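# Summary of the model geometry
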Amino acid sequence: MTAPHPIVPPAGPAEGVGMPGTDRRRFLGYVVAGATLITAADLALGMPGAQSTVTAPQPAELYDLNDLLTHAALATSNLIAIQIHDDGTASFALPRMEVGQGITTSTAMIIAEELDIDVAQVRVSLADARPELVFNQLTGGSNTTISTFTPIRVAAAIAKGALLDAAARLLGDNLDQVRIKGEGIIEGLTGSITYAELAREAASDTTRQVGVLLKRPEKFTVIGTPQNRIDARAAVTGQKQFAMDLEVPGALPTMVCRPPTLNGRPMALRNRDAVLTMPGVTHVAEVPTGYAVRAETFGQCIDAVRAMDVEWQDGPLVQQSDGDVRGHLRAAQLPFVVPPLGKTVEHEFTFWFRGNSALEPNCAIADVRKDSAEIWGGLKSPVVAQEQIALTVGLPIDKVRVHVVQGGGSFGRKLFFDAALEAAQISRAMGAPVKLMWHRADDARQGRTHPMVVSKVRASYSGKQVNTFEQRNCSVRTDFTHGLGEIITRFAAQLPVAGNYAFAQTVFLLTQELGYNFGVVDQLLSEVDLPFNTGSMRNIYSPDTRCAVELTVDDLARRMGEDPYAFRLRTARSPRTKAVLEAVGEAAEWGKPMPAGTAQGVAIHKEYKGVTACVVEIDCRPDTVNRRIRNAVTGPRVTRATFAVDAGLVVNPRGLEAQMQGGVMDGIALALTSSLHFRQGRFLEASWDNYFYTRHWNAPPEMQVVIVDNDVTQPGGAGEAGVAASFAAVACAYWRATGGPMPTSFPINHQTLSFEPKPFVPPVPASPTDGRDHTY
């Protein structure tokens, strides 16, 4: 390819060819030097700074967490590239992590759209850790599609432009005489030619800048159409490769014997020699978190862990229980500062600890040698992981390779790289490759939790008008050392939050938007620094904050003599909020007659550049609450859930629907059944059989997701958008159905311990041998 691609297009340019300017479809990018065609976007030029969105009563209304994450990624957007191969396919190494949210599918759809090829002709892999991307390789905040949508489109459109250019040259036609025929074929006046034939011809031996014009949304044929996940077949047939499926030479199963109290420390292994003689055992090593054992099988590891005779130092919270923690949070609450105007409503809510475990056990593979290290794991912040592992094992960063593997769920857990770091420590101590897996009990008792929160709300009103609304959340400190904290530090001067806020307070302010016209609104977070292992669990602060808000909204409506749905519709702050409320109210048949002991509940939430509303029906009648299911927690049941979502431009409606369904399951669990119990310095739960996430017998038999049309041309986030409104709607429905005092402790069954805690020494239970007895 020798003829230069035009930066300034002729009048009426074809899509895929253009120049930068004020038109939101025109961008710059690069044709990158390579053997076949490689293209990249450059969005750092001409972008507005954050300074223009600095002042607002609620910062998230003008500049939210997704703006921060998107701007942080812009500077290196030109470093992610699309390649066209000799077979006519396109490939892209996504600098994010797929954990089941469907981003590899939506990314393939975006590329296919701009290239005018089939989704099946696009291969999306996960990029290894790339330090040069800086802040552009963190998967969090439901930001992947928001921040990558335009860069990926630009890179794909540049590729299409280069292919058209090459086709015109080879066919002897003018550029305006060739067009995309479809399925990777370009035709001109004198014939046609395929992308496969053009892949090398369109390549460049030097990197050069070009302009591009993106496809108009009304011409989309892929974006906005329901697509099955590109990895669905591999997932259901067992072909999909997770970290524990990888066969790394020499990496044997490895587990750790952990302390009986949270964050305890190992003092001595009294029977080390005996453990080393156990069947299959090859190595035993001390690490900061306990004693690691490497063996031929995981079963032999479990036997060795259970046989270890260890002296432990108690953890720092050995005298504390969750009631004590709540006392610390209450004592540290910030005061209300807005003088009430009229009658006053005031409530306090407690949200207990919740587990942040993913369905896939915490795991990683590590091979650390004297002069290099190689790591494999499900990592949502691989650049930070690479830095920390290099520092820990004493190697330069460029000597540590970190491979990102698809994960089996995350819920925010895999923003942290605990298993990868621990595997590196063990491999270095043993001098051998290891395949580390945490036991379920390890993650429940020593892993990460959603911090406990105490939330106080005070509102004042007169007549039909809410005059003031204040909220004070006090939380156990949230750990943001997974990389988001570094982004906040880098962009602190540009954020619309004054003062020296901590990471958590900044995230809180950039994610909370009340959504109602309630006069003076003031929502703040404070923290207590207690040594818990906390995480950025799905939707972080929003479910608890929203639940407290929406119950208070119900109370305000009750005091004003209004229907809670009509009250929300009257006070909703934005047309988009009103639109989802109207959609969900109509679909859910709001206000229909309901039997005593049952009720509907409604709630909204606004975040991730979108807005949601949920209506649920709950059954709190004795025959339902007292259902008997073996080894199960039952209680009230949500019998119907209707969820309306406006997520901006929707790339894959089927994927969005699935995300909302999962979010509703989260919301039901947070309201009714799932929490961790902390007693005398240790969590009692030891696996999913003790942790009561929504089961089939508590899932609603009826569920409907309504995707609300809008005129937004940019996508919003979907991964976490279904949680907050559904949690709050269930809480509101429960209050209306029971007719008693407002529920203020969540989940509502936390004060009932519904299981017999497993022993703490040994730290993991014996592998079950009666699985068939538990088959239903």
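Because the structure is predicted, anything quoted here is derived from the model rather than measured.

Tracing the sequence through the fold places K160 in helix α3 (residues 144-171). Judged by its relative accessible area of 2%, K160 falls in the buried class. Polar contacts involving the side chain of K160 include one to the side chain of D116, which spans 3.2 Å.

Glancing now at the pairing of strand β22 (residues 453-462). Across the 10 residues of β22, eight count as buried, placing the element largely inside the fold. Judged from the nine bridges that link them, strand β15 (residues 343-351) and β22 form a sheet pairing that is antiparallel. Paired with F349 across the bridge in β22 is S455. With 10 bridges joining them, β22 and strand β23 (residues 465-476) adopt antiparallel strand pairing. Residue pairing across strands places S462 opposite Q465, the latter belonging to β23. Remark: two residues form the turn of the hairpin made by β22 and β23, two consecutive strands paired antiparallel; G463 in that turn has positive phi of roughly 60 degrees.

On to the pattern of salt bridges, then. Scanning the model with the defined rule gives 48 salt bridges in all. In this structure, R558 and D555 form a salt bridge, with 2.6 Å as the shortest nitrogen-oxygen distance. Here R558 and its partner D555 are both found in helix α14 (residues 542-559), three residues apart, which amounts to about one turn of the helix. Residue classification places D555 among the buried residues on the basis of a relative accessible area of 1%.

At a minimum axis distance of 8 Å, the contact between α14 and helix α19 (residues 723-738) shows a crossing angle of 40 degrees. Relative to α19, the element α14 lies oblique. As for how α14 packs across α19, the hand of that crossing is right-handed. Where α14 abuts α19, its residues S542, P543, D544, R546, C547, E550, L551, D554, D555 and R558 lie against V723, A724, F727, A728, A731, C732, W735 and R736. A per-class count over the contact of α14 with α19 returns 10 nonpolar, one polar and seven charged.

Moving on, we come to the UniProt feature "domain: Aldehyde oxidase/xanthine dehydrogenase a/b hammerhead" (unreviewed entry) in the protein. The UniProt feature table records "domain: Aldehyde oxidase/xanthine dehydrogenase a/b hammerhead" (unreviewed entry) at residues 237-316. End C-alpha to end C-alpha, residues 237-316 measures 45 Å, and it is 19% helix and 35% strand.

Turning next to unusual backbone geometry. Both trends apply: most residues other than glycine have a negative phi, and most peptide bonds are in trans. Of note, the bond from F746 into P747 is cis; its omega dihedral lies within 30 degrees of zero at 0 degrees. With respect to the secondary-structure elements, P747 resides in the segment after β31 (745-746). Of the consecutive residues V761 and P762, the connecting peptide bond is found in the cis state with omega at -5 degrees. In this fold, P762 is placed in the segment after β31. Of note, E183 is a non-glycine position whose phi angle comes to about 55 degrees, a positive value. For E183, the position within the fold is in the loop between β6 (179-182) and β7 (185-187). Even without a glycine there, the phi angle at I540 is positive, about 40 degrees. Note on placement: I540 falls in the loop between β24 (520-528) and α14.

Two elements in contact, helix α15 (residues 564-571) and helix α16 (residues 575-588), have axes whose closest approach is 9 Å; the angle formed by their N-to-C orientations is 155 degrees. Between α15 and α16, the crossing angle belongs to the class labelled roughly antiparallel. The element α15 and its partner α16 pack so that their crossing is left-handed. Of the residues in α16, those in contact with Y565, R568 and L569 of α15 are K578, L581, E582 and G585.

Strand order in this open sheet of five strands is β24-β23-β22-β15-β31, and the pairing throughout is mixed. Two strands lie at the open edges of the sheet, namely β24 and β31, each paired on one side alone. Taken together, the two bridges between β15 and β31 define a ladder with parallel strand orientation. By the bridge assignment, T350 is partnered in β31 with S745. Each of β15, β22, β23, β24 and β31 is contacted by α14, which is oriented at about 150 degrees to β15, the strand it contacts most.

Thresholds applied
- Residues numbered from 1 in each chain as written.
- Predicted model: local features only at pLDDT ≥ 70, side-chain atom pairs only at ≥ 80, totals over all residues.
- Heavy atoms only, no water.
- Helix = DSSP H or I, 4+ residues; strand = E, 2+ residues; numbered from the N terminus.
- Buried < 20%, exposed > 50% of the residue type's maximum accessible area, 1.4 Å probe, protein only.
- Polar contact = N/O pair within 3.5 Å; in protein donor to acceptor, adjacent residues only side chain to side chain.
- Pairing = 2+ DSSP bridges.
- Salt bridge = Lys/Arg side-chain N within 4 Å of Asp/Glu carboxyl O.
- Axes fitted to C-alpha atoms, helices over the stretch in contact; angles between N-to-C directions.
- Parallel < 35°, antiparallel > 145°, perpendicular 65-115°, else oblique.
- Left-handed = near helix turned anticlockwise from the far one by under 90°.
- Contact = heavy atoms within 4.5 Å.
- Nonpolar A, V, L, I, M, F, W, Y, C, P; charged D, E, K, R; others polar.
- UniProt positions renumbered as here; feature names shortened; annotations may be inferred.

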